[in-house]
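Structural overview for review
The lines below spell out each chain.
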Amino acid sequence: MPSPRALVIGVFVLVLAASIAMVVYFLPRCTFTKDGCHQANSSAEVIYPKSSTGELFPWTEMRLPMSVHPLRYDLLLHPNLTTMTFQGSVSITVTAEKETKVVVLHSTDMRIIKTSFQGKELKTLEYKPWQQIAIQLEEELRPGQQYIFTLDYSANLSSSYDGFYNSSYTDTAGIKRVLAATQFEPLAARKAFPCFDEPAFKATFSIKIKREDGYISLSNMRKSKTTPLASGLFQDEFETSVNMSTYLVAFIVANMSSVGRNVSVYAVPDKKDQTLYALDAAVKLLAFYNTFFGIKYPLSKLDLVAIPDFLAGAMENWGLITFREATLLIGNHSSTLDKQLVTSVIAHELAHQWFGNLVTMKWWNDLWLNEGFATYMQYMSIGKVFPELEIGNEFLSTRFQALAKDSLNSSHAVSAVANTPEQVAEMFDSVSYEKGASILVMLNSALPDGNFQKGIIAYLNKYKWSNAVNQDLWSTMSSVILHTDSHTVVTSQSFDVVQMMSTWTLQKGFPLVTVTRDGPRVKLSQEQFLLAAEQPPDIDRHLWQIPLTYINNSCSNSSACKNLFILKEKTGKLQIAASVKWLKFNYKNEGFYVVDYGVDGWKTLIDALRNDVNVLLPEDRAVLINNIFALSRLGKVSFRQVLNLLDYISNETEAAPITEALVQLEDIYRLLDKRQDLGLVARMEVWLEEMHHLFLCLNALLNISWEMETSVSKQTLRSALLETSCRLGRQNCRDKAMKLFNQWENSNGTKQIPGDLMRAVFSVAAQSDSGWKTLLSSYKMSLHDSEKRRMLEALASTPDVRKIVWILHAGLQGSDIQTPELPRIVRAVCQNFGGYLFAWDFVKQNWIQLTRKFPIGSFSLQSIIMSTTSQFSTQLHLDEVRDFFSTLKDGSSQMRVVDEAMETIKLNLRWMEKNVETLRRWL
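Computed from a predicted model, the values in this text were never measured in an experiment.

Some words on the overall build of the chain
When helices and strands are counted, the chain shows 28 helices and 29 strands. Relative to its 923 residues, the chain shows a buried fraction of 59%. Per element, the accessible surface of the chain, about 38100 Å² overall, is 52% carbon and sulfur.

Some thoughts on the sheet that holds strand β26 (residues 563–567)
Here we have three strands laid out as an open sheet, ordered β26-β25-β28, and antiparallel in their pairing. The open sheet is flanked by β26 and β28 (583–585), the only strands paired with a single partner. On average, each strand axis in the sheet is tilted by 35° relative to the strand beside it, whichever way the strands run. Alignment of strand β25 (residues 546–552) against β28, held across three bridges, turns out to be antiparallel.

Digging into the side chain of D406
In this structure, D406 sits in helix α6 (residues 392–406). Under the relative-accessibility criterion, D406 is labelled buried at 1%. In this structure the side chain of D406 is engaged in a polar contact, spanning 2.7 Å, whose partner is the side chain of K435. Apart from residues no more than four positions distant in its own chain, D406 is found in contact with S411, H412, V431, K435, K508, G509, F510 and F592.

Describing the UniProt feature "active site" (unreviewed entry) in the chain
Per the UniProt entry, the sites bearing "active site" (unreviewed entry) are E349 in this numbering. If you trace the backbone, E349 turns up in helix α4 (residues 336–352). The class of E349 is buried, set by a relative accessible area of 5%. Apart from the residues lying within four places of it in its own chain, the contact partners of E349 are A314, M315, E316, I321 and F323.

Quick look at the sheet that holds strand β27 (residues 571–575)
Strands sit in the order β27-β24-β23-β29 across an open sheet of four strands; the sheet is mixed. At either end of the open sheet lies a strand with only one pairing partner, and these are β27 and β29 (594–596). Between one strand axis and the next, the sheet turns through 25° on average, direction left out of account. Looking at chain direction, strand β24 (residues 521–528) and β27 are connected through five bridges and run antiparallel. Counterpart to K523 in the pairing with β27 is K573.

Concerning unusual backbone geometry
Cis geometry marks the peptide bond from E185 to P186, where omega comes out at 5°. Along the chain, P186 turns up in the loop between β10 (176–183) and β11 (204–211). For M84, which is not a glycine, the phi torsion comes out positive at approximately 60°. Tracing the sequence through the fold places M84 in the loop between β1 (68–80) and β2 (85–96). At N586, a position not held by glycine, the phi torsion is positive, near 65°. One can find N586 in the loop between β28 and β29. The class for N586 is buried, based on a relative accessible area of 0%.

A word on helix α18 (residues 731–746)
Under the 1.5 Å per step criterion, the end-to-end length of α18 is 22 Å for 16 residues, consistent within 8% with the ideal 22 Å. Buried residues of α18: C733, A737, L740, F741 and W744, and no others. The buried residues of α18 occupy an angular sector of 100° when projected down its axis, which confines them to one face. Facing away from the buried surface of α18 by more than 90 degrees, the exposed residues are K739 and N746. Looking at the buried residues of α18, the elements they touch are α17 (712–727), α19 (758–765), α20 (769–781) and α21 (785–795). Of the residues one or two after α18, N748 is the one with positive phi, at around 55°.

Side note on the state of the cysteines
By the definition in use, this model includes two disulfides. The disulfide bridge from C555 ends at C561, spanning 1.8 Å between sulfur atoms. Handedness here is read from the sign of the S-S torsion; for C555 and C561, about -60°, the answer is left-handed. Residue classification places C555 among the partly exposed positions, given a relative accessible area of 32%.

Digging into α4
Look at α4: 24 Å from first C-alpha to last across 17 residues, which is about the 24 Å you get at 1.5 Å a residue. The buried count for α4 comes to 15 of 17 residues, which makes it a mostly enclosed element. The distance from a side-chain oxygen at the start of α4 to the backbone nitrogen of L337 is 3.3 Å, and the residue carrying that oxygen is S335.

What to know about a nonpolar patch on the surface
A cluster of nonpolar side chains, I47, Y48 and L56, forms an exposed patch at the surface whose accessible area comes to about 260 Å². Turning to its location among the elements, I47 is positioned in helix α2 (residues 42–47). Looking at I47, the relative accessible area reads 51%, which means it is exposed.

Details of the pairing of strand β7 (residues 132–141)
Sheet topology places strand β3 (residues 100–106) next to β7; six bridges connect them, and they run antiparallel. Its bridge partner lying in β7, V102 is registered against Q136.

Description of the pattern of salt bridges
Applying the stated rule across the entire model yields 41 salt bridges. Residue E138 is joined to K120 by a salt bridge in which the shortest nitrogen-to-oxygen separation is 3.5 Å. Highlighted residues: E138 in strand β7 and K120 in strand β5 (residues 120–121), separated in sequence by 18 residues. What makes E138 exposed here is its relative accessible area of 57%. Measuring nitrogen to oxygen at the nearest pair gives 2.7 Å for the salt bridge that ties E793 to R824. Of the two residues, E793 sits in helix α21 while R824 sits in helix α23 (residues 822–829), which places them 31 residues apart along the sequence. No difference in accessibility class separates E793 from R824, as the two residues are buried. Within this structure, R324, E723, R759, R789, E793, E821 and R824 form a network of salt bridges that share partners.

Section: the packing of helix α5 (residues 368–385) against helix α8 (residues 431–446)
Contact geometry of α5 with α8 gives a least axis separation of 7 Å together with a crossing angle of 65°. Judged by the inter-axis angle, α5 sits roughly perpendicular to α8. Considering only the axes of α5 and α8, their crossing is right-handed. Across the interface between the two elements, W368, E371, G372, F373, T375 and Y376 of α5 pack against S432, Y433, G436, A437, I439, L440, V441 and N444 of α8. Taken together, the residues of the contact of α5 with α8 break down into eight nonpolar, five polar and one charged.

Here is what the cut-offs are and how they apply
- Residues numbered from 1 in each chain as written.
- Predicted model: local features only at pLDDT ≥ 70, side-chain atom pairs only at ≥ 80, totals over all residues.
- Heavy atoms only, no water.
- Helix = DSSP H or I, 4+ residues; strand = E, 2+ residues; numbered from the N terminus.
- Buried < 20%, exposed > 50% of the residue type's maximum accessible area, 1.4 Å probe, protein only.
- Areas by Shrake-Rupley, 256 points an atom, 1.4 Å probe, with all protein chains shown as cover.
- Pairing = 2+ DSSP bridges.
- Axes fitted to C-alpha atoms, helices over the stretch in contact; angles between N-to-C directions.
- Polar contact = N/O pair within 3.5 Å; in protein donor to acceptor, adjacent residues only side chain to side chain.
- Contact = heavy atoms within 4.5 Å.
- UniProt positions renumbered as here; feature names shortened; annotations may be inferred.
- Expected span 1.5 Å × (residues − 1).
- Arc of directions from axis to C-beta.
- Disulfide = S-S within 2.5 Å.
- Patch = residues over 30% accessible without salt bridge, like charges linked within 9 Å, V, L, I, M, F, W, Y side chains within 5 Å.
- Salt bridge = Lys/Arg side-chain N within 4 Å of Asp/Glu carboxyl O.
- Parallel < 35°, antiparallel > 145°, perpendicular 65-115°, else oblique.
- Left-handed = near helix turned anticlockwise from the far one by under 90°.
- Nonpolar A, V, L, I, M, F, W, Y, C, P; charged D, E, K, R; others polar.

Okay, here's the thing in structure tokens:
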């Protein structure tokens, strides 16, 4: 036993040790490491970032606080188109939601000259990494009270195609013209005026713009008055806007001409004659939407403006929609395919006036509520209003592209996390647009006629003038459908909209449905369709509620033949008549899934097509081609089965299946071409030439020629066939192309080339030095943007290395070729063996300049990365791409598209290793 003295000392030591441990534990960040204990104010340094002045910034999150809400902006702007700067003053009326002594809002690249509140000048702090400023108050704001803050500021007009940016063009007299325009979506209103730049902070806007004589100004609302100023300037004042998000605000100062009154189309004066088609299309589509939604367009005017130097395809600013010239203007040189493109873009942007403007997603994670619906409505409305444009095949093709992107592990859920500016930018992709539209098609096909329209009308009425989230849509639609079908008996066709559609929006990817038949019994099973070199551990946890549609040999060529079965579990059973010879699932690709029929199931379908190609609709034949190539990449079917299906195609005459087969085969050809397997490439070329010759012979019977053609499907088909045939070097094709080119050149362009054949003709001509120079000269002089785009793609197809280098740098510099066209140039250069390596080197060498022109995460940058890497199929290239992006310090390596690029290379490598020998034997 220890002595009493030893016991006392021992207890004392234990108490002392425990006390020290408690002090260490409770002091902020105090450890036994060499860092020791931090100073008293260290915890504040950890929590609060430092502003640009070195003071602590009083907010700690990238999203703005909810302590105040804007009600109204009074904005005065004066752009100087000589110095390329602008001055501004904004008074923001806010209501306090809670007590606060700090107001935090957004501002980027501005010099705040003065901030005032109730006659007093206030201090403003800035935290640039989060693009925020903080106004510090002497007294707390009281909840429910309104207050007005005024900020005077100045800034440079942006040179990066977002915010309030400067643009220029050269007119027919050779004079350089300048203008200023806006592009605020998603996060760039803060570059034009201090604001609460988040979609949920809706407010009204009263805008005044000072301008020089010789210019006009436009904004979201009608101009109410113009006041001459003593300085010689004019001040235009616009009516106060409706309640809307900051990213929808827009203004333009330019020299433009217009046609129309309540609906108007604007363009530079030299191109006013190209505005009439867009005006007619917009008026008709607006009338259709007014009727379909049951809610009238709420503004008193609608302007559509063609901007000469514009990066986005178009932007749905409320009442002032902006476009690239190529997506709005139609001239004498334009083809029916050009009209299809322009009509599609107009239809998309007009749909946004309801989906996005009237009802806005609460945050960018639900961007699909805007873009998915607008994409769906553009195709649906054109099918109703302009059936002659045959938009269905184009929609089918875009849905195939969305499947391809969503099959990768780098994809994301339709409703996904988007916190940083880069993550927000990356939401603008085919998942938000085309997959979003595809799942709406699928839901509509599973509902009784008319219910889908009733549901979206109820959704618009419930959330108009406000914001919504993903679940709001499904809940509203579900309540409408339940009310409509309150006496419906629960069957295998019954489903809960909220439960079913949540499985499609809250998890990434899509299902592979495997069909196994045993006489009249059919077993259905689902798993995630995932193209990945290594399967992720959570792949088995994915489960969808799938509205499976199917047809059979007894009835297959109309929607009345369609049957519905809801697969809610991993497996399901279906009973059919014993007399059924074959089943085809996913009628007209209305569902967003891939189907594997097994060896026997594929054989019966292939035999049926060999006996009668019309036993299935063209869309269903295209679906089979798409699915079997996808299953080959997944390793579920052998490439021999793919070739067995393609045997039927010698009897095919429709655009959808032929173009899908060409897309898939040319992807394989380009992979072989880039690997420099010269013997196999040569044999593949011979086979493709024979295939094209067969198609051309078949279509000669359909009177498809090199003359003018009005049918969209025939234009689509012949342009695909002739472009590929000429590219493969078929002499007859090249001779006819050069004949048309020479006639066009000798007539100084008055002898028109059919618009759908321009790319084929110009690409052949661009292979010679003289033809290339002629095209470049014509490109600089042409006023027709559809023609210029085809010239540009032809110029980029040259095998001449010096010309490739020149055109890439010209696109980046933006002098001879506008910079927004650079992604198109890169994509065209990469189609050819001579150019793709130079394009990849160009991207590596000019990465910093590229990210200055195109923000990290932007669709343009995504396109450039995928164009330059998607045809690599060797370990050497995989390592090179990984090493390049891993060394970047600007956050680029965190982009989803980088993961997508490396996944694609791995899959290309794996496919080639598995199938090259099969190709050798087959060819």
